[in-house]
Amino acid sequence: MKKSLADKLDDINSTFDTKYLLQEKEDLSVVKDYYKTNKVSYRLFHNWSGFLHMGLSENGTYKETDLLEQVKEVERYTKSLNAKNVLELGAGRGANSFYLSNKNPSVNCYAIDLSTSPIKKYRNKNFIFNFADYHNLSIFEDNFFDIIFAIETMCHSNSKEIVLQEVYKKLKKGGIFIIYDGYLNKDKNLLNEEQKMASTLIEKGMAVDKFETLQSFNEKIASVRFTVLEEKNLSRNILPTLYRFEKLAKKFFKYRFLKKMLTLIIPEKVIRNSFSGYLMPNFIEEEIGLYVKHILQK
């Protein structure tokens, strides 16, 4: 039988004292530490190729190739614009930019990340990586990129308007900014107590300080003068990926002895991932949260 949010919160709170998390500020140092700590766990429990995002499934069943759907959309724009210079924000282990550079050898595929470098095997002459913060893109020339993309990384920013402004400066006129990310469907103050708690634990589990509402993000897009070519709700498409995470997390919360033992040997920031994995299917199914694609044009 499927568990409610209330039941799942009881499972979490029966094992962990989560009160300290509610006051924690997820600043950039926490985000850095989160991804460094979870490098191995992402590969073990998600995929070995280094993709850190959700798959987009069409038929309700997860396939590992679903993880390529976001970067395939980037590739479609790369070809249609005859792009020469493309930038990925928050590239993580480099799987997306490596795929793009490998499929498009004539395209310069730049990538930046705050804390995590690409997997060593991901090396192409046209794949250029730098450690950098997407709030400051001054290492690049203005009006240089044909396409910039960000897959599930903008959620870590509490200053998304600054990121949008930086991207706008670095794109050529007519250039495209592609974003895939998660948002709240409505203001957190309008959620009930269980929904608020679930939202907060998911945030802390993923090193997100606070999910922004979709409406608020769209207002920031408008303020930076981007033209919205497409906005698409893909929440249902990520559910098969979420069910995989839920299944793994469910085992953890089912066996009390296992829970206690693992908390002694596994880093705390890895344990936190189980909160998000356990709660997110309900979060999406109940439309508390949304997963949305934006295609913006300068």
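Overview of the structure. All values reported here derive from a predicted model rather than from experimental measurement.

1. Things to note about the packing of aromatic side chains
Applying the stated rule across the entire model yields 11 aromatic pairs. Both rings, one in Phe 98 and one in Tyr 122, keep their centres 4.5 Å apart while their planes meet at 15 degrees; by these two values the pair is stacked. One end of the pair, Phe 98, is in helix α5 (residues 95-103); the other, Tyr 122, is in the loop between β2 (108-113) and β3 (127-131), with 24 residues separating them in the sequence. Comparing Phe 98 with Tyr 122 shows no difference in burial state: the two are buried. Between Tyr 110 and Phe 144, the aromatic rings sit 5.8 Å apart at their centres with planes inclined by 75 degrees, giving edge-to-face as the arrangement. Of this pair, Tyr 110 sits in strand β2 while Phe 144 sits in the loop between β3 and β4 (145-151), and the two are 34 residues apart along the sequence. By the burial criterion, Tyr 110 is buried, and Phe 144 matches it. An aromatic cluster is present here, built from Tyr 110, Phe 140, Phe 144 and Phe 145 joined pairwise through their rings.

2. Comments concerning the pairing of strand β1 (residues 85-89)
Residues in a regular strand point their side chains to alternate faces of the sheet. Counting buried residues in β1 gives five out of five residues, a clear majority hidden from the surface. Of the two faces of β1, both are covered, the one formed by Asn 85, Leu 87 and Leu 89 as well as the one formed by Val 86 and Glu 88. Of the strand pairs in this sheet, β1 and β2 are connected by five bridges, and their pairing is parallel. Across the sheet, residue Val 86 finds its bridge partner in β2, namely Cys 109. Of the pairings in the sheet, the one linking β1 to β4 comprises four bridges and is parallel in character. Of the residues in β4, the one forming a bridge with Glu 88 is Phe 149.

3. What about the pattern of salt bridges?
This model, assessed by the stated rule, comprises 16 salt bridges. The salt bridge involving Glu 285 is made with Lys 2; its shortest N-O contact spans 3.6 Å. Here Lys 2 lies in the segment before α1 (5-13) and Glu 285 lies in helix α11 (residues 268-285), a separation of 283 residues in the sequence. For Lys 2, a relative accessible area of 44% puts it in the partly exposed group. Each of the salt bridges in this network shares a partner with another, and the network as a whole consists of Lys 2, Lys 8, Glu 246 and Glu 285.

4. Remarks on empty space enclosed by the protein
Applying the stated criterion across every chain yields a total of two cavities of 30 Å³ or more. In this structure, the largest cavity encloses a volume near 150 Å³. As for the largest cavity, its lining consists of 14 residues, of which Gly 182, Met 206, Phe 211, Met 280 and Tyr 291 are closest to the centre. Mapped by element, the contributors of at least two residues to the lining of the largest cavity are β5 (171-184), α11 and β7 (289-297). Counted by class, the lining of the largest cavity contains 11 nonpolar, one polar and two charged residues.

Conventions used here
Residues numbered from 1 in each chain as written. Predicted model: local features only at pLDDT ≥ 70, side-chain atom pairs only at ≥ 80, totals over all residues. Heavy atoms only, no water. Phe/Tyr/Trp six-rings, centres within 6.5 Å; stacked < 30°, edge-to-face > 60°. Helix = DSSP H or I, 4+ residues; strand = E, 2+ residues; numbered from the N terminus. Buried < 20%, exposed > 50% of the residue type's maximum accessible area, 1.4 Å probe, protein only. Pairing = 2+ DSSP bridges. Salt bridge = Lys/Arg side-chain N within 4 Å of Asp/Glu carboxyl O. 1 Å grid on protein atoms, 1.4 Å probe; cavity = no way out; pocket = protein on both sides within 12 Å on 5 of 7 lines; lining within 4 Å. Points joined across faces, edges and corners; volume = space filled by probe spheres on them. Nonpolar A, V, L, I, M, F, W, Y, C, P; charged D, E, K, R; others polar.

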